[in-house]
Amino acid sequence: MILRMYSIFDAGVGAYTPPFPARADGEAVRSFKMTLLDQAHPMAKSPQDYSLARVGLFDDSNGQMSPLPAPEPMVTAQAVLAALKVTPEE
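Starting afresh in each chain, residues are numbered from 1 along the sequence in its written order. Local features in a predicted model are, by the rule used here, given only for residues with pLDDT of at least 70; side-chain atom pairs are given and counted only at 80 or more, and totals for whole chains, interfaces and linings are based on all residues. With hydrogens and water set aside, each side-chain value is computed from the structure's full complement of heavy atoms.

1. Quick look at the side chain of Arg54
So, step 1. Only runs of H or I of at least four residues qualify as helices and only runs of E of at least two qualify as strands under DSSP, and these elements are numbered from the N terminus. Its location among the elements puts Arg54 in strand β4 (residues 50–59).
So, step 2. Under the rule applied, a polar contact is a pair of N or O atoms within 3.5 Å (in protein, one hydrogen donor and one hydrogen acceptor; residues adjacent in sequence only if both atoms are side-chain atoms). Polar contacts involving the side chain of Arg54 include one to the side chain of Asp25, which spans 2.6 Å.
So, step 3. Looking at Arg54, its side chain comes within polar contact range of the side chain of Glu72, at 2.4 Å.
So, step 4. Note on contacts: a residue pair qualifies if any of its non-hydrogen atoms lie within 4.5 Å across the two residues. Contacts of Arg54, omitting those with residues within four sequence positions, involve Met5, Tyr6, Asp25, Leu68, Pro71, Glu72 and Met74.

2. Regarding the packing of aromatic side chains
So, step 1. Here is the rule: rings of Phe, Tyr and Trp (six-membered ring for Trp) pair when centre to centre is within 6.5 Å. Planes less than 30 degrees apart are stacked, more than 60 are edge-to-face, and the remainder are tilted. Going through the model one piece at a time under the given rule, you end up with two aromatic pairs.
So, step 2. Their ring planes at 35° and their centres at 5.9 Å tell us that Tyr6 and Phe20 sit as a pair that is tilted. Here Tyr6, found in strand β1 (residues 2–10), pairs with Phe20, found in strand β3 (residues 20–22); they are 14 residues apart in sequence, far enough to count as distant.
So, step 3. A centroid spacing of 4.8 Å and a plane angle of 50° characterise the contact between Phe9 and Tyr16, whose relative ring orientation is tilted.

3. Some points on the pairing of β1
So, step 1. Pairing between strands requires that DSSP locate at least two bridges from one strand to the other. As judged from the nine bridges shared by β1 and β4, these two strands associate in the antiparallel manner. What sits directly across from Arg4, in β4, is Leu57.
So, step 2. Summarising the sheet, β1 and strand β2 (residues 15–16) pair through two bridges and their orientation is antiparallel. Each bridged residue has a counterpart across the sheet, and for Phe9 the counterpart in β2 is Tyr16.

Shown next, in the form of structure tokens:
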């Protein structure tokens, strides 16, 4: 199966997190959303710093990873929370 690979960019650090797999963009966005809704997670504390990006593909039948030429931005944490009408706790 070909899985898509995603990473979260942390603007406060200026770096991406290690990539994670998902079967589709919607699954990756849902994972990102669940992380943002977990008030114990650091991303929930400063969502202005985080955004989700697609970074490549992974073929689980042969272990091959194929990175994209550049990360493809998908959605910011603030946009996800705004769509859910959630205000970050200060």
